[in-house]
Amino acid sequence: MNPWAGLASYEDPQNAEYDLKFCGRDYDSYDVARLIMGNVFVTLYGKSGIGKTSLLNAGVFPELREEGFTPLSVRLGIRDEKNPKSFQRVVVDAVEQVIKKYDVIDVVSEQCDQTSKDFLWNYFARRRFYDKNEEQTIPVIVLDQFEEVFRKDRDEAEILLRQLDYLNDKDHALDACEVNGLAYRYEQNFRFTVSIREDDLYRLEDSLDNCYLPALKRNRDRLRSLSEEDAQKGILIPGEGLFRPEEQDDIVKRVIEATRQKGDDSISTNLLSLICNRLYNDCKNAGSEYISGSFVESFMKGNPIERFYNEATKGFSDKEKEYIENHLVDSNGR
């Protein structure tokens, strides 16, 4: 099995079909997980393709589970357009799909108006959630690729943001009370994390300003490019046993140099994973047991990115290719 995901995101290991080693983001995984645990609303942003989804799925989610949280990811930009649900209804359904057991507590009357600013607050205030071990848990709802909601329906996105702001306000907690003879105290038994492209962060900013929701501008983390040390881990740990010890340093250096971005010299996360993925495939197709220095040299001379592009667009019309090249290629030619 290919140990690198290529351009695909790394999946949550609890649900993944293949057990891939997610490496090189240990500190980021720890820091983001702690930020989420300590705050109701967190924004994670970074360049497109830098690995936000992979970090959350394969790095942060396992950290959260160890601390008794139940993470789940939601793509609000993907929904059935023939029978669309509100964004907040999608969130509620996603929670109930992952967390099968919860108690409904009639501490407040049920709010059925999905556009009301207290709709999500009401949903969480009336529930206690339990994991598969019958332990009380806190759902962590990750709204991945959040930039999509602004392209779908900005007005609806702002309804959701107002509800998230209402959730975020500690003044809306309930005093200790008794319900059906049992002691009850409502606390913020949820966490929300928005993941958004850095280029689209202004869309979120504009909506927060438009709705006057300054509290949602706090608790942000910018995911940076891989360091050289982390890039080495991303190559060597999944590729354990594939490189001869006397050659691996030179191979790692060559691969990293091929993934540096023009202009700022940063290491491209998705390009690193793609090159390693293709290198492994070519090596196995050649019947070689090891990825040798000479094989890497030959691989790089063959322009693997151009070859990948040509294979990926095989069967596309000239018009489709022209659109891709004119509108979807970045300033680095990628």
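Note that the structure is a prediction, hence the values are computed from the model and not measured. (Residues numbered from 1 in each chain as written. Predicted model: local features only at pLDDT ≥ 70, side-chain atom pairs only at ≥ 80, totals over all residues. Heavy atoms only, no water.)

**Q** Whenever I open this one, the side chain of S273 confuses me. Can you help?
**A** Looking at where S273 falls in the secondary structure, it is placed in helix α10 (residues 269-285). Polar side-chain contacts of S273 include one of 2.9 Å to the backbone oxygen of G6. Ignoring sequence-local partners within four residues, the contact set of S273 consists of W4, A5, G6 and Y10. (Helix = DSSP H or I, 4+ residues; strand = E, 2+ residues; numbered from the N terminus. Polar contact = N/O pair within 3.5 Å; in protein donor to acceptor, adjacent residues only side chain to side chain. Contact = heavy atoms within 4.5 Å.)

**Q** I'm lost on the state of the cysteines in this one. Help?
**A** Chemically, a disulfide is nothing more than a covalent bond linking the sulfur atoms of two cysteines. Scanning the entire structure with this criterion turns up 0 disulfides. Lacking any disulfide linkage, C276 is separated from the closest cysteine sulfur, that of C23, by 11 Å. Here C283 stays unpaired: no disulfide links it, and the sulfur of C276, its closest cysteine neighbor, is 12 Å away. (Disulfide = S-S within 2.5 Å.)

**Q** How should I be thinking about the packing of α10 against helix α11 (residues 293-301) in this particular structure?
**A** Think of two packed helices as two axes; the pair is described by the angle between the axes and how far apart they sit. One can describe the packing of α10 onto α11 by two numbers: an axis separation of 11 Å at closest approach and a directional angle of 115 degrees. Compared by their axis directions, α10 and α11 come out roughly perpendicular. The chirality of how α10 crosses α11 is right-handed. Contacts between α10 and α11 pair I275, R278, L279, D282 and C283 from the former with F295, V296, F299 and M300 from the latter. For the contact of α10 with α11, the residue count by class is 7 nonpolar, no polar and 2 charged. (Axes fitted to C-alpha atoms, helices over the stretch in contact; angles between N-to-C directions. Parallel < 35°, antiparallel > 145°, perpendicular 65-115°, else oblique. Left-handed = near helix turned anticlockwise from the far one by under 90°. Nonpolar A, V, L, I, M, F, W, Y, C, P; charged D, E, K, R; others polar.)

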